[in-house]
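Single-letter residue listing:
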Amino acid sequence: MRFIKTDDYEGMSKAAAAIVTEQIKTKPSSVLGLATGGTPVRMYELLIKAYEKGELDFSQISTVNLDEYKGITRDNEQSYFYYMNERLWKHTNIDPKRTHVPDGMVADAEAVCLAYEQTISDLGGIDLQILGIGHNGHIGFNEPGDVFEDRSFCVELSQATINANQRFFATADDVPKEAYTVGIGTIMSAAKIVVMISGEDKAAIVKEAFTGPVTPKVPASILRFHRDVTVIGDAAALGLLPE
Ligand code: GLP
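Residues numbered from 1 in each chain as written. Predicted model: local features only at pLDDT ≥ 70, side-chain atom pairs only at ≥ 80, totals over all residues. Heavy atoms only, no water.

Engineer: Looking at this structure, how should I read the overall build of the protein?
Structural biologist: Summing up its helical and strand segments, the protein has seven helices and ten strands in all. Taking 243 residues into account, the globule formula puts the C-alpha radius of gyration at 18 Å, and the protein, at 17 Å, falls close to it. Along the three orthogonal principal directions, the C-alpha set of the protein runs to about 40 × 40 × 35 Å. Counting all 243 residues of the protein, 52% fall into the buried class. In the protein, of all internal contacts separated by at least 6 residues, the share reaching a separation of at least 24 is 80%. (Helix = DSSP H or I, 4+ residues; strand = E, 2+ residues; numbered from the N terminus. Rg over C-alpha atoms; globule rule 2.2 N^0.38 Å. Buried < 20%, exposed > 50% of the residue type's maximum accessible area, 1.4 Å probe, protein only. Contact = heavy atoms within 4.5 Å.)

As structure tokens, then:
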């Protein structure tokens, strides 16, 4: 596990964008595993800037998102599909047919999850997975629990996650209670992983995940068993890690 400590959010975003840029240039047909949330917003803006300057070509890139709320449509502003389209895809030359997000409107969870895993496998797996981390240590929507879920599944969101994501909705009641997420095994199968973390409010969980026991009670802790993980965090987020 490598750690890159930056001064601030902007530095973290630039460092992550540099890794994604390198990945796209090295392998123009890369499969990128993408994350939503507040953390990667600026990184996506930097990738769009690089595309606008002619430095990046997304035409052969495929993307696979980590997760999606269950029961909201793709044109709902809170859906992760909508987020990705607004914050990255529509500003680039990516082929919409190569962008993948679990379909939150299909009620048959088993069918959605099997299809999603099949999509990832048909693409040949994920070359570079971008991750954020929740305050409770979740990655994607793999919430703290008693086991590491292997492959994509339908998850009941924890109250902590509902509360954390309420900022994007009018009220906590509007936050969906369930979501589809790739599993821990799916994430761990990615060739490379970049974890982006910003802010003092993440410092405690960062310390727990990367220095405490590897346990499904802190899902991000499993990342220590992956052979190619780069954690990019600003000084505030990495502040409680030993030097
Ligand atoms: C969300 C998402 C995750 C994200 C995490 C952190 O609920 N499901 O994919 O990485 O929580 O979000 P943020 O970057 O807003 O702190």
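Alright, that's what it looks like, and here's the rest.
Engineer: What's the story with the sheet that holds strand β10 (residues 229-234) in this structure? I'm lost.
Structural biologist: Two orientations exist for strands paired in a sheet by backbone hydrogen bonds: parallel and antiparallel. With parallel pairing, the seven strands of this open sheet are ordered in space as β1-β10-β9-β6-β2-β3-β5. Single-partner strands in this sheet number two, and they are β1 (2-6) and β5 (99-100). Pairing geometry for strand β2 (residues 31-34) and strand β3 (residues 62-65), over four bridges, is parallel. Within β3, the residue paired with L34 across the bridge is N65. (Pairing = 2+ DSSP bridges.)

Engineer: What is the right way to read the nonpolar core from this model?
Structural biologist: It is characteristic of soluble globular proteins that their nonpolar side chains tend to be buried jointly. Residues M43, L47, I130 and L223 are the most contacted members of the largest nonpolar core, which totals 59 residues. Residue contributions to this core peak at seven residues, all from helix α2 (residues 41-52). Residues in contact with I130, not counting those within four places in the same chain, are V20, G33, L34, A35, M43, L66, V194 and M196. If you look at the next biggest cluster of nonpolar residues, it comprises eleven residues, including Y80, F153, V155 and V175. (Core = buried A, V, L, I, M, F, W, Y, C linked by side-chain atoms within 4.5 Å.)

Engineer: Before we go on, may I ask you to explain the packing of helix α1 (residues 9-26) against α2 in this structure?
Structural biologist: Two numbers describe a pair of packed helices, the interaxial angle and the distance between the axes. Running from N to C, α1 and α2 point in directions that differ by 50 degrees, and their axes come no closer than 8 Å. Between α1 and α2, the crossing angle belongs to the class labelled oblique. For the pair α1 and α2, the sense of crossing is right-handed. Contacts between α1 and α2 involve Y9, E10, S13, K14, A16, A17, V20 and T21 from the first element and V41, R42, M43, L46 and L47 from the second. Among the residues forming the contact of α1 with α2, the class breakdown is eight nonpolar, two polar and three charged. (Axes fitted to C-alpha atoms, helices over the stretch in contact; angles between N-to-C directions. Parallel < 35°, antiparallel > 145°, perpendicular 65-115°, else oblique. Left-handed = near helix turned anticlockwise from the far one by under 90°. Nonpolar A, V, L, I, M, F, W, Y, C, P; charged D, E, K, R; others polar.)

Engineer: For this particular structure, what's the right way to read the environment of T215?
Structural biologist: Here T215 is to be found in the loop between α7 (203-211) and β10. Owing to a relative accessible area of 17%, T215 belongs among the buried residues under this scheme. In the structure, T215 is positioned 26 residues away from L241 in sequence and 18 Å away in space, judged by C-alpha atoms. If near-sequence neighbours (up to four positions away) are discounted, T215 is found in contact with F148 and S221.

Engineer: How should I be thinking about the site of the ligand in this particular structure?
Structural biologist: Taken together, 13 residues lie around the ligand, and G38, T39, D67, R167 and K202 are the ones closest in. In this structure, T39 approaches the ligand through a side-chain N or O atom, which is 2.4 Å from an oxygen atom. One of the side-chain N or O atoms of D67 is found 2.9 Å from a nitrogen atom in the ligand. Protein burial of the ligand: of its 400 Å² of free accessible surface, 95% is covered by the chains. A breakdown of the residues in the shell around the ligand according to their chemical character gives three nonpolar, seven polar and three charged. (Near = heavy atom within 4 Å. Polar contact = N/O pair within 3.5 Å; in protein donor to acceptor, adjacent residues only side chain to side chain. Areas by Shrake-Rupley, 256 points an atom, 1.4 Å probe, with all protein chains shown as cover.)

Engineer: Would you mind going over the packing of α2 against helix α3 (residues 80-87) with me for this structure?
Structural biologist: Where α2 contacts α3, the two axes come as close as 10 Å, and the packing angle between them is 40 degrees. One element, α2, and the other, α3, form an angle in the oblique class. Across the interface between the two elements, V41, Y44 and I48 of α2 pack against Y83, M84 and R87 of α3. Each residue belonging to the contact of α2 with α3 can be placed in one class, and the counts come to five nonpolar, no polar and one charged.

Engineer: Just to check I follow, could you spell out the packing of aromatic side chains for this structure?
Structural biologist: Working definition: an aromatic ring pair is given by the centre-to-centre distance plus the angle between the planes. Applying the stated criterion across every chain yields a total of eight aromatic pairs. Ring centres 6.4 Å apart and planes at 80 degrees place the aromatic pair Y44 and Y83 in the edge-to-face group. Highlighted residues: Y44 in helix α2 and Y83 in helix α3, separated in sequence by 39 residues. In this pair, the class of Y44 matches that of Y83, namely buried. Members of the aromatic cluster, each reached through a chain of ring pairs, are Y69, Y80, F141 and F169. In this structure, R87 packs its charged tip against the face of Y83, placed 5.1 Å from the ring centre. (Phe/Tyr/Trp six-rings, centres within 6.5 Å; stacked < 30°, edge-to-face > 60°. Lys NZ or Arg CZ within 6 Å of the ring centre and 35° of its normal.)

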